[in-house]
Amino acid sequence: MSEHFARPVAGHVPVLRLGDVLLVTLQGDLHDGMAAQLQQDLAETIVASRVTGVVIDISGVEIVDSFLGRVLAETAAQTELLAARTVVAGMRPAVAITLVELGLTFPELRTALNTEAALAMLAQPVVANRPGGEGRP
């Protein structure tokens, strides 16, 4: 499994490649410009490296607002369009409570308690959607 470390650049969120998965770790506030740059960097890296999964670790995020919630949902949708599954990992209880209170539940967004669990989710084979529901024979 190859590893590639992306150096953090001012205004950029570092992205770490672990085999077929990109690991993005958010720390502190994510501003408009940084969010747009993250989405662009992820899209370009997914296409160039042909990874199949993205883990967005938000364990370093203490406060979430509707902007961050929207960015997470948009980023996950964007990566799905580029054939990479996305899992958001490390959500703190207070963050989950705040998202629900804001009315932002994102039923399509996959979550995991930590990065290890997110990587395990991405290691599982994809089950095609069927008329009777996902994963049913």
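Residues numbered from 1 in each chain as written. Predicted model: local features only at pLDDT ≥ 70, side-chain atom pairs only at ≥ 80, totals over all residues. Heavy atoms only, no water.

1. Quick notes on the pattern of salt bridges
- Scanning all chains against the criterion turns up 2 salt bridges.
- One salt bridge connects Arg70 with Glu74, and the closest N-O pair in it is separated by 3.3 Å. One end of the pair is Arg70 and the other is Glu74, both in helix H2 (residues 66-81) and 4 residues apart, which spans about a single turn.
- A relative accessible area of 41% places Arg70 in the partly exposed class.
- On the basis of relative accessible area, Glu74 is assigned to the partly exposed category, the value being 36%.
- Across the salt bridge formed by Glu80 and Arg110, the nearest N and O atoms sit 2.7 Å from each other. Placement of the pair is Glu80 in helix H2 and Arg110 in strand E6 (residues 110-112), with a sequence separation of 30 residues.
- Residue Glu80 is classed as partly exposed on the basis of its relative accessible area of 34%. (Salt bridge = Lys/Arg side-chain N within 4 Å of Asp/Glu carboxyl O. Helix = DSSP H or I, 4+ residues; strand = E, 2+ residues; numbered from the N terminus. Buried < 20%, exposed > 50% of the residue type's maximum accessible area, 1.4 Å probe, protein only.)

2. Some words on helix H1 (residues 32-49)
- Compared with the 26 Å implied by 1.5 Å per residue over 18 residues, the 26 Å span of H1 between its first and last C-alpha is a close match.
- Along H1, the positions that sit buried rather than exposed are Ala35, Leu38, Gln39, Asp41, Leu42, Ala43, Ile46 and Ser49.
- Looking at the buried side of H1, the elements it contacts are strand E2 (15-18), strand E3 (21-27), strand E4 (53-60) and H2.
- Immediately downstream of H1, the backbone of Arg50 shows phi near 60 degrees, a positive value. (Expected span 1.5 Å × (residues − 1). Contact = heavy atoms within 4.5 Å.)

3. With respect to the confidence of the model for the chain
- Mean pLDDT for the chain: 83, with 84% of residues reaching 70 or above.
- Here residues 1-10 scores under 50 on pLDDT; set against residues more than four positions off or in separate chains, the count is 15 contacts.
- Segment residues 130-137: pLDDT under 50, and 6 contacts once partners within four positions in sequence are set aside and those in other chains are kept. (pLDDT = per-residue confidence, 0-100.)

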